[in-house]
Amino acid sequence: MRLDNKTGIALSTDGVGTKLLVAEELGRFDTVGIDCIAMNVNDIICVGAEPLAMLDYLAVEKADPEMCEQIGVGLARGAELAGIEIPGGELAQIGDLVKGFDIAGACFGTVALDSIIDGSAVSPGDIVIGLPSSGIHSNGYTLARSALAGIDLADDRLGRPLGEVLLEPTEIYVRAVLDLLGSDSRVHGLAHLTSGGLDNLLRLKAEVTYEITDPLEPPPVFGLIADRGDVPEDEMYEVFNMGCGFCVVVPAADEARALDVLQGHYPEARRIGQVASGERQVIRSAD
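Reading guide: rules and limits
- Residues numbered from 1 in each chain as written.
- Predicted model: local features only at pLDDT ≥ 70, side-chain atom pairs only at ≥ 80, totals over all residues.
- Heavy atoms only, no water.
- Helix = DSSP H or I, 4+ residues; strand = E, 2+ residues; numbered from the N terminus.
- Rg over C-alpha atoms; globule rule 2.2 N^0.38 Å.
- Buried < 20%, exposed > 50% of the residue type's maximum accessible area, 1.4 Å probe, protein only.
- Contact = heavy atoms within 4.5 Å.
- Areas by Shrake-Rupley, 256 points an atom, 1.4 Å probe, with all protein chains shown as cover.
- Lys, Arg positive; Asp, Glu negative; His and termini not counted.
- Charge placed at Lys NZ, Arg CZ, Asp CG, Glu CD.
- Expected span 1.5 Å × (residues − 1).
- Polar contact = N/O pair within 3.5 Å; in protein donor to acceptor, adjacent residues only side chain to side chain.
- Axes fitted to C-alpha atoms, helices over the stretch in contact; angles between N-to-C directions.
- Left-handed = near helix turned anticlockwise from the far one by under 90°.
- Nonpolar A, V, L, I, M, F, W, Y, C, P; charged D, E, K, R; others polar.
- Pairing = 2+ DSSP bridges.
- Patch = residues over 30% accessible without salt bridge, like charges linked within 9 Å, V, L, I, M, F, W, Y side chains within 5 Å.
- Salt bridge = Lys/Arg side-chain N within 4 Å of Asp/Glu carboxyl O.

Undergrad: Which parts of the structure should I look at to understand the overall build of the protein chain?
TA: Secondary structure summary: the protein chain contains nine helices and 10 strands in total. What you see for the protein chain is a C-alpha radius of gyration of 19 Å, in line with the 19 Å of a compact globule of 287 residues. Projected onto its principal axes, the C-alpha coordinates of the protein chain cover approximately 55 × 50 × 30 Å. A buried classification covers 50% of the 287 residues belonging to the protein chain. The contacts in the protein chain between residues at least 6 apart in sequence include a share of 86% that link residues at least 24 apart. Carbon and sulfur atoms make up 48% of the accessible area of the protein chain, which amounts to about 13,000 Å² in all. Charged side chains of the protein chain number 20 positive and 46 negative; the gap between the two group centres comes to 2 Å.

Undergrad: Looking at this model, I keep getting lost on helix α2 (residues 32-44). Mind explaining?
TA: In an α-helix there are 3.6 residues to a turn, and that puts residues three or four apart on one side. The first and last C-alpha atoms of α2 sit 19 Å apart over 13 residues, in line with the 18 Å expected at 1.5 Å per residue. Most of α2 is tucked away, with 12 of its 13 residues classed as buried. Along α2, the positions that sit buried rather than exposed are Val 32, Gly 33, Ile 34, Asp 35, Cys 36, Ile 37, Ala 38, Met 39, Asn 40, Val 41, Asn 42 and Ile 44.

Undergrad: What is the right way to read the side chain of Asn 200 from this model?
TA: By the secondary structure assignment, Asn 200 is in the loop between β6 (189-192) and β7 (209-212). Note on Asn 200: relative accessible area 5%, which makes it buried. Among the polar contacts listed, one links the side chain of Asn 200 to the backbone nitrogen of Thr 194, at a separation of 2.8 Å. If we skip the residues at most four places from it in the chain, Asn 200 touches Ala 191, His 192, Leu 193, Thr 194 and Ser 195.

Undergrad: Hey, could you run me through the environment of Ile 117 in this one?
TA: Mapped onto the secondary structure, Ile 117 falls in the loop between β4 (101-112) and β5 (127-132). In this structure, the C-alpha to C-alpha distance between Ile 117 and Val 47, residues 70 residues apart in sequence, is 4.6 Å.

Undergrad: Would you take a moment to explain the packing of helix α4 (residues 141-148) against helix α7 (residues 220-229) for this structure?
TA: How two helices sit against one another is set out by the angle between their axes and by the gap between those axes. Close contact between α4 and α7 brings their axes to 8 Å; oriented N to C, the two are set at 60 degrees. Classified by chirality, the crossing of α7 by α4 is left-handed. Contact residues: Ala 144, Ala 147 and Leu 148 in α4; Leu 224, Ile 225, Arg 228 and Gly 229 in α7. Considered class by class, the residues forming the contact of α4 with α7 number five nonpolar, one polar and one charged.

Undergrad: When you look at the pairing of β7 in this model, what are you seeing that I'm missing?
TA: Along a regular strand, successive side chains alternate from one face of the sheet to the other. Judged from the four bridges that link them, β7 and strand β9 (residues 270-276) form a sheet pairing that is antiparallel. Paired with Tyr 210 across the strands is Val 275, a residue of β9.

Undergrad: Please explain the sheet that holds β9 as it appears in this structure.
TA: One key point about sheets: their strands pair by backbone hydrogen bonds, in either a parallel or an antiparallel sense. Taken together, six strands build an open sheet; the order of strands is β6-β8-β5-β9-β7-β10 and the sheet is mixed. This sheet does not close on itself; its edge strands, each paired only once, are β6 and β10 (281-284). The average angle at which neighbouring strand axes cross in this sheet is 25 degrees, direction not considered.

Undergrad: Help me out: how do you make sense of a nonpolar patch on the surface in this one?
TA: Among the surface-exposed residues, Met 1, Leu 11, Leu 52 and Phe 108 lie close enough to one another that they form a single nonpolar patch of about 420 Å² accessible area. Structurally, Met 1 is set in the segment before β1 (7-15).

Undergrad: I'm lost on the packing of helix α6 (residues 174-181) against helix α9 (residues 255-262) in this one. Help?
TA: Where α6 meets α9, the axes come as close as 9 Å, and the angle between the chain directions of the two elements is 145 degrees. As α6 runs across α9, the sense of the crossing is right-handed. The segment α6 lies against α9, with Ala 176, Asp 179 and Leu 180 engaging Ala 258, Val 261 and Leu 262. Considering only residue class, the contact of α6 with α9 consists of five nonpolar, no polar and one charged.

Undergrad: What am I meant to see in the sheet that holds strand β2 (residues 50-60) here?
TA: Strands sit in the order β1-β4-β2-β3 across an open sheet of four strands; the sheet is mixed. The strands lining the two open edges of the sheet, one partner per strand, are β1 and β3 (85-93). Going from strand to strand, the sheet's axes swing by 15 degrees on average, the running direction of each strand aside. Across seven bridges, the pairing between β2 and β3 is parallel. In the sheet register, Leu 55 faces β3, and the bridge partner there is Gly 88.

Here is the structure:
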C-alpha cells in the first residue's frame, strides 16, 4: 500500500498450520512462535520491504500459563532473529470454537516505492540462487503426518528424535536478504518457498521459464516421508520446500557478489538454476 509519494507499506498475515498438532502431541510449544514470525516476515521481504513489527493472535480452548509462556518464548526469539518488534497481540479463550489452539500473526514493513521488487525485472539469463531450508518449515504437515503415522516421535532413525525434526523452526531469511539488498548486487526477484515449493517462483511477474537444474539437497526427513507415504517425487516438490526455503534471482553478472553476501549467512547457498525465455513455468531437471 502506498503511504505517500515515497514510501509503501507491505502487509502479511499467516499462521503455522497443522504443525501445531505435532507440538500438542509432544507438549512442546517453544518453537511454534518462531514459525509464526518466520511465515510472515519471509513473505514481507519478498517485495524488498524491511519487516518492522508483528501482532500475534493466539486462540486457545483454555488458557494454560505454561503453554502460553512457551509460545511467548518462541515469539520473542523469532522477533529477535527477524529484527522486529511485537508491540501487542491477542489471547482469545474460545473453547466453544477451538479444540487445542491456533496461532497466527499480521506483520508490516516499509519499502521505498522506487525499490519495490515484484519480479518484473527478471530476464532470460538471470541466475536463480537457492537458500537452504531448516527442514519442513510450516507447510505440508497434513501429508507429512499422514505419511509418518505409526512412527513414534521418539524414533531416532534420522539422527535425532523424529518429533524434534518435525518441530524444527522455519528458517528466518530476513537478515540475509536485507544484507543482499544493501549490497552492490542487483536483485530482480525474491521468492519464499512455502506450499507449492519451487512453483512459488511463479509469483514473480516476469513471463519467463525458470530452469532448476541443480536443486539443493533435500534433508533426510523428506526421503522418509516419500518412502513411508509412497509419495512420488513430483508431488513431493509440489507440496514441500524440499530443502530450498527461499530463492533469489539476480543478473548473471551479479552472481558472485550476491553469493558472497548470502554465503556469509548460508554457506550452502548456491546457484540452482537459471532463467530462460519461454512460457511462465518452472522446469525441474537434474544435470
